[in-house]
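Read off the chains here:
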Amino acid sequence: MTASDEPGARRAPARGTGVHASIDAVWRLEAARIIAGLARMVHDIGLAEELAQDALVAALEQWPESGVPDNPGAWLMAVGKRRAVDRIRRLRRLDDKIEEMGRDLETQAPPEEFDVPDDDRIEDDVLRLVFTACHPVLSAQARVALTLRMLGGLTTEEIAHAFLVPEATVAQRIVRAKRTLSEANVPFEVPEGPGRAARLASVLEVVYLIFNEGYAASAGDAWVRADLCREALRLGRILAELAPGEPEVHGLAALMEIQASRTRARTGPSGEPVPLLEQDRGRWDRLLIHRGFAALLRAKKIGEPPGPYVLQAAIAACHAQAPAAEDTDWAQIASLYEVLARVAPSPVVELNRAVAVGMADGAEKGLELADALVDEPALRGYHLLPSVRGDLLARLGRLEEARTQFERAAELTRNAPERKVLLDRAASLSSPAP
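What you see is a predicted model, and the numbers here were worked out from it, not measured in a lab.

S.K.: Would you mind going over the overall build of the protein with me for this structure?
M.R.: From N to C terminus, the protein includes 19 helices and 2 strands. Put simply, the protein has 434 residues, and 48% of those count as buried. Of the roughly 20800 Å² that the protein leaves accessible, carbon and sulfur atoms contribute 50%.

S.K.: Sorry, what's going on with the environment of glycine 46 here?
M.R.: Among the secondary structure elements, glycine 46 is positioned in helix H2 (residues 45-66). For glycine 46 and isoleucine 35, which are 11 residues apart along the polypeptide, the C-alpha to C-alpha distance reads 9.2 Å.

S.K.: Would you mind going over the packing of aromatic side chains with me for this structure?
M.R.: We describe a pair of aromatic rings using the distance from one ring centre to the other and the angle between the two ring planes. Following the criterion strictly, the structure yields 4 aromatic pairs and no others. Note on tryptophan 63 and tryptophan 75: the rings are 5.2 Å apart at their centroids and 70 degrees apart in plane angle, and the pair reads as edge-to-face. With tryptophan 63 in helix H2 and tryptophan 75 in helix H3 (residues 72-90), this pair connects stretches of sequence that are 12 residues apart. Using a relative accessible area of 1% as the deciding quantity, one classes tryptophan 63 as buried. The class of tryptophan 75 is buried, set by a relative accessible area of 4%. A ring pair is formed by phenylalanine 211 and tyrosine 215, whose centres lie 5.6 Å apart and whose planes are at 20 degrees; its orientation type is stacked. Separated by 4 residues within a single helix, phenylalanine 211 and tyrosine 215 lie in helix H9 (residues 193-215), roughly one turn from each other. With relative accessibility at 0%, the residue phenylalanine 211 sits in the buried group. Taking the ring centre of tryptophan 284 as reference, the NZ or CZ of arginine 262 above it sits at 5.8 Å.

S.K.: Before we go on, may I ask you to explain the environment of glutamate 157 in this structure?
M.R.: Residue placement: glutamate 157 occurs in helix H7 (residues 156-163). Sequence separation between glutamate 157 and alanine 171 is 14 residues, and the spatial gap between their C-alpha atoms is 8.7 Å.

S.K.: For this particular structure, what's the right way to read helix H13 (residues 308-321)?
M.R.: Each α-helix turn comprises 3.6 residues. Residues three or four places apart therefore point the same way. Here H13 spans 20 Å end to end across 14 residues, near enough to the 20 Å set by a 1.5 Å rise per residue. Counting buried residues in H13 gives 11 out of 14 residues, a clear majority hidden from the surface. Where H13 is concerned, the buried positions are Tyr309, Val310, Leu311, Ala313, Ala314, Ile315, Ala316, Ala317, Cys318, His319 and Ala320. Next to the buried residues of H13 lie H9, helix H11 (247-260), helix H12 (286-301) and helix H14 (330-343).

S.K.: Help me understand the nonpolar core in this model?
M.R.: In a soluble, globular protein the nonpolar side chains are often hidden away together inside. Counting 91 residues, the largest nonpolar core has Leu76, Leu129, Leu146, Ile210, Phe211 and Met256 as the members making the most contacts within it. Looking at this core, the element that brings in the most residues is helix H1 (residues 19-42), giving 12 residues. Contact partners of methionine 256, with chain neighbours within four places excluded, come to Val207, Tyr208, Phe211, Ala232, Leu233 and Gly236. Grouped together as the second largest cluster of nonpolar side chains are 19 residues, Leu351, Ala402, Ala410 and Leu429 included.

S.K.: What am I meant to see in the pattern of salt bridges here?
M.R.: Here the idea is simple: oppositely charged side chains can pair when their charged atoms come close. According to the stated counting rule, one finds 19 salt bridges in the structure shown. The shortest N-O distance in the salt bridge between aspartate 125 and arginine 40 comes to 2.8 Å. Of this pair, aspartate 125 sits in helix H5 (residues 119-133) while arginine 40 is found in helix H1, placing the two residues 85 residues apart along the sequence. With relative accessibility at 3%, the residue aspartate 125 sits in the buried group. Using a relative accessible area of 25% as the deciding quantity, one classes arginine 40 as partly exposed. Glutamate 407 is paired through a salt bridge with arginine 403; the nearest N and O atoms lie 2.8 Å apart. Highlighted residues: glutamate 407 and arginine 403, both in helix H18 (residues 399-412), separated by 4 residues, approximately one helical turn. What makes glutamate 407 partly exposed here is its relative accessible area of 29%. Because the salt bridges share partners, they merge into one network encompassing Arg40, Asp125 and Arg128.

Scoring rules and cut-offs
- Residues numbered from 1 in each chain as written.
- Predicted model: local features only at pLDDT ≥ 70, side-chain atom pairs only at ≥ 80, totals over all residues.
- Heavy atoms only, no water.
- Helix = DSSP H or I, 4+ residues; strand = E, 2+ residues; numbered from the N terminus.
- Buried < 20%, exposed > 50% of the residue type's maximum accessible area, 1.4 Å probe, protein only.
- Areas by Shrake-Rupley, 256 points an atom, 1.4 Å probe, with all protein chains shown as cover.
- Phe/Tyr/Trp six-rings, centres within 6.5 Å; stacked < 30°, edge-to-face > 60°.
- Lys NZ or Arg CZ within 6 Å of the ring centre and 35° of its normal.
- Expected span 1.5 Å × (residues − 1).
- Contact = heavy atoms within 4.5 Å.
- Core = buried A, V, L, I, M, F, W, Y, C linked by side-chain atoms within 4.5 Å.
- Salt bridge = Lys/Arg side-chain N within 4 Å of Asp/Glu carboxyl O.

Structure below.
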């Protein structure tokens with residue numbers, strides 16, 4: 001199944017340069033707002049996307065002749081709303097409210113002169129779309145796909161390419177996600193109270209999953225996928241403006257900005273991964289670091305106890321503040337991981353704490369913490385556990401054990417460049433030939 005085979009999708013004319021390139025850019029920028037505004041009207045994300053696609057096809061048909069309107073987003077929104085009224089009429093589900101809305105729309109000016117909706121209402125609509133697309137009733141994979149489609153404006157093909165899965169798989173996930181939301185009668189709203197906090201955690205998790213897949217690809221021949229990092233950063237920045245009073249939103253934005261600052265230094269000449277302590281810090285992006293520090297400051301100014309993303313951002317800031325690897329304040333990082341382990345306990349946090357303790361207090365103490373995780377079910381098959389143990393063992397001079405751990409880590413990773421680095425490390429520890 002391709003994107004055009006999905007229910008409600010429309011096959012657009014072939015895109016070229018000039019106006020079609022402009023339409024691509026407008027769609028990427030405006031898709032989320034248009035779909036969100038239509039979803040508020042029809043209370044159905046799937047139908048809202050279909051109507052937005054109708055408006056996009058109308059633009060592809062009309063703009064090459066008429067030119068791109070002064071306010072293309074309002075033009076697309078107006079066409080989408082008119083199509084919504086037409087659709088409701090065709091389905092004979094028109095009630096008095098819809099009739100009144102339809103009469104109002106018919107008396108409006110042509111699309112290119114359509115009034116721009118109130119900015120606050122647009123932001124509210126987009127925030128509703130974020131919370132709906134990331135509803136916990138959906139699987140994590142479905143939430144990622146739907147978020148990239150609805151909020152990122154990515155095509156099914158682009159999402160499939162980013163995650164190295166067949167296009168048909170992504171298309172099916174999106175179709176099933178929209179169907180699940182409809183069948184579960186998930187309201188198009190931003191929840192309040194405890195429900196909002198639970199849903200916000202889901203939203204942030206999805207954005208960070210997207211970022212992590214770009215930052216350190218879980219599989220394939222590339223170590224970094226900058227396009228996914230950029231998309232996650234864009235979504236994080238949008239969230240920070242839509243929910244300015246949520247410290248964890250700013251914490252996630254800060255974390256991604258600071259981590260993304262290292263992108264140019266994270267790969268070598270052949271695309272191989274470069275460990276953090278070996279990176280050329282002169283290649284780190286100072287602008288992104290500055291943006292990250294500013295976002296972290298916004299989170300702290302709200303005055304609430306730090307959550308997981310704020311704490312992780314503070315750890316990233318410690319690295320960014322060190323002019324050279326040897327200047328890193330590992331004691332502070334270890335302390336932050338200790339707090340993080342209390343706030344959001346997980347085996348992965350404990351493994352990261354083992355690394356920090358190993359740097360702050362010596363490899364032996366770090367290895368004690370890492371060894372305690374060997375039987376942890378959640379880390380069974382997690383390649384970074386033997387990788388961390390291998391590094392700590394090597395620092396203690398236990399080279400044969402370290403070599404075995406690096407070989408084990410290489411067996412577990414699905415990323416080709418990372419596998420090569422791990423095997424090279426194992427080979428470097430082999431006993432010299434007699």
